[in-house]
Amino acid sequence: MGKDVIIACDFASTDETVRFLDKFNKIREGIVACDDISVRASRPYVKIGMELFYAEGPQIIKILKERGHNVFLDLKLHDIPNTVGKAMQVIGGYGVDMVNVHAAGSIEMMKAAKHGLMLGAIRYAEKPKLIAVTQLTSIDEEALRKELLIDMPMDKVVAQYALNAKAAGLDGVVCSAHEAATIHQLCGEDFLTVTPGIRLEGDAVGDQKRIMTPVEAKKAGSDYIVVGRSITASDKAVDVYRKACEDFK
Ligand code: C5P
């Protein structure tokens, strides 16, 4: 089981990303004092999204892997099973540690994604985790009913999509930390819950609707927390990351 803090590197370029991550090098080299051995010894787990990946291509993954980071490639694939399966085979070859699809694409699509990913990652001893997005946090009950024509409460939809992901052989879901306990009850403790919408105490909430602190997310049973602006927008990014690790791990 994970229990790690993933930094959402929502930057526009490789240069910006590397400049940000260089701050963490300084801890390893002992330039910045750091008492926490686990933080000092590790390079942060990072999440790369569509903006950076489409701007820089697979090269960004190579650079981050060479620097020793675990990489969650957040591309949220959603297409016919054949297309997603083939695309996942390519992604598996990048050596990523985690990647995702939309559960709305169906169990058949998720099975094809898993099959393709495992084929692509055949040469890696450590296999990438495949997780599903249940419902985007930007979708509310009204959009669910009026636009997507899903006449069910959000929590029921999220629960069913998580069960579909489990049935397809996926490793877990992206969800709100508020849903982590229910999803573990339904899908088992080993089924990963990867939870964005995290803010450290006193931080700006921004556009996130339902937030939790790392301490609350740990209590709720999240396996990985995804933290973006609380760390990346801080002028004390390394300290905030360390605090999030201490609170969560
Ligand atoms: O800056 P912040 O901590 O809000 O960033 C959260 C990250 O998690 C962003 O990269 C966002 O795209 C991602 N995410 C999310 N909600 C989801 C899925 C992904 O906030 N349901």
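In case you missed it, the structure is sitting above this.
Keep in mind that this is a model prediction, so the values were computed, not measured. (Residues numbered from 1 in each chain as written. Predicted model: local features only at pLDDT ≥ 70, side-chain atom pairs only at ≥ 80, totals over all residues. Heavy atoms only, no water.)

Caption draft 1: View of the overall build of the protein chain. Scanning the protein chain from terminus to terminus reveals twelve helices and eight strands. Relative to the compact-globule value of 18 Å for 249 residues, the protein chain shows a C-alpha radius of gyration of 18 Å, a close match. Viewed in the frame of its principal axes, the protein chain has a C-alpha envelope of about 55 × 40 × 30 Å. With 249 residues in all, the protein chain has 51% of them scored as buried. Relative to all contacts within the protein chain whose residues are 6 or more apart in sequence, the contacts with residues 24 or more apart total 69%. In the form shown here, the protein chain has an accessible surface area of approximately 12,000 Å², with 52% of it arising from carbon and sulfur atoms. (Helix = DSSP H or I, 4+ residues; strand = E, 2+ residues; numbered from the N terminus. Rg over C-alpha atoms; globule rule 2.2 N^0.38 Å. Buried < 20%, exposed > 50% of the residue type's maximum accessible area, 1.4 Å probe, protein only. Contact = heavy atoms within 4.5 Å. Areas by Shrake-Rupley, 256 points an atom, 1.4 Å probe, with all protein chains shown as cover.)

Caption draft 2: A look at the pairing of strand β8 (residues 224-227). Burial along β8 is two-sided: the residues Tyr-224 and Val-226 and Ile-225 and Val-227 are all buried. Both strand β1 (residues 4-8) and β8 contribute to a ladder of four bridges, which runs parallel. Within β8, the residue paired with Asp-4 across the bridge is Tyr-224. Strand direction decides the pairing type here: strand β7 (residues 192-195) and β8, joined by two bridges, are parallel. (Pairing = 2+ DSSP bridges.)

Caption draft 3: Representation of the nonpolar core. Ranked by size, the top nonpolar core spans 62 residues in total, and within it Met-88 and Val-101 carry the most contacts. The dominant element in this core, judged by the number of residues it contributes, is helix α12 (residues 237-248), at seven residues. Beyond its immediate sequence surroundings of up to four residues, Val-101 is in contact with Lys-76, Leu-77, Val-84, Met-88, Met-109, Met-110, Ala-113, Leu-130, Ile-131, Ala-132, Val-133 and Leu-170. If you look at the next biggest cluster of nonpolar residues, it comprises twelve residues, including Ile-6, Phe-72, Val-133 and Val-194. (Core = buried A, V, L, I, M, F, W, Y, C linked by side-chain atoms within 4.5 Å.)

Caption draft 4: Highlighting the side chain of Asp-74. Mapped onto the elements of the fold, Asp-74 is located in strand β3 (residues 71-77). Residue classification places Asp-74 among the buried positions, given a relative accessible area of 8%. Sequence-distant contacts of Asp-74, defined by excluding residues within four places in its chain, comprise Lys-47, Ile-48, Gly-49, Met-50 and Asn-100.

Caption draft 5: Summary view of the packing of helix α5 (residues 81-93) against helix α6 (residues 107-120). Packing of α5 against α6 brings their axes to within 7 Å, and their N-to-C directions diverge by 30°. One way to sum up the angle between α5 and α6 is to call them roughly parallel. Two packed elements cross with a definite hand, and for α5 against α6 that hand is right-handed. Contacts between α5 and α6 involve Pro-81, Val-84, Gly-85, Met-88, Gln-89, Ile-91, Gly-92 and Gly-93 from the first element and Glu-108, Met-109, Ala-112, Ala-113, Gly-116, Leu-117, Leu-119 and Gly-120 from the second. Residues that form the contact of α5 with α6 fall into these classes: nine nonpolar, six polar and one charged. (Axes fitted to C-alpha atoms, helices over the stretch in contact; angles between N-to-C directions. Parallel < 35°, antiparallel > 145°, perpendicular 65-115°, else oblique. Left-handed = near helix turned anticlockwise from the far one by under 90°. Nonpolar A, V, L, I, M, F, W, Y, C, P; charged D, E, K, R; others polar.)

Caption draft 6: Examining the packing of aromatic side chains more closely. A full pass over the atoms with the stated rule returns six aromatic pairs. Each ring, one from Phe-24 and one from Tyr-241, has its centre 5.3 Å from the other, and the planes form 85°; the classification is edge-to-face. A residue pair is termed long-range when its members are at least 10 positions apart, and Phe-24 in helix α1 (residues 14-28) and Tyr-241 in helix α12 qualify at 217 residues. The pair Phe-24 / Tyr-241 is uniform in exposure class, with both members buried. Where Phe-53 meets Tyr-94, the ring centres are 6.0 Å apart and the plane angle is 45°; that geometry is what we call tilted. A residue pair is termed long-range when its members are at least 10 positions apart, and Phe-53 in helix α3 (residues 50-56) and Tyr-94 in the loop between α5 and β4 (98-102) qualify at 41 residues. (Phe/Tyr/Trp six-rings, centres within 6.5 Å; stacked < 30°, edge-to-face > 60°.)

Caption draft 7: How the structure looks around the pattern of salt bridges. Summed over the entire model, instances satisfying the criterion amount to eight salt bridges. Across the pair Asp-247 and Lys-243 runs a salt bridge, and its minimum N-O distance is 2.9 Å. Taken together, the residues span about one helical turn, with Asp-247 and Lys-243 both in helix α12 at a distance of four residues. Look at Lys-243 and you get partly exposed, because its relative accessible area is 41%. (Salt bridge = Lys/Arg side-chain N within 4 Å of Asp/Glu carboxyl O.)

Caption draft 8: Layout of the sheet that holds β1. Spatially, eight strands are ordered β1-β2-β3-β4-β5-β6-β7-β8 in a closed barrel, and the strand pairing comes out parallel. In this sheet, adjacent strand axes meet at a mean angle of 25° when their direction is disregarded. In this fold α5 packs onto β3, β4 and β5 (129-133), with an angle of close to 165° to the strand it touches most, β3.

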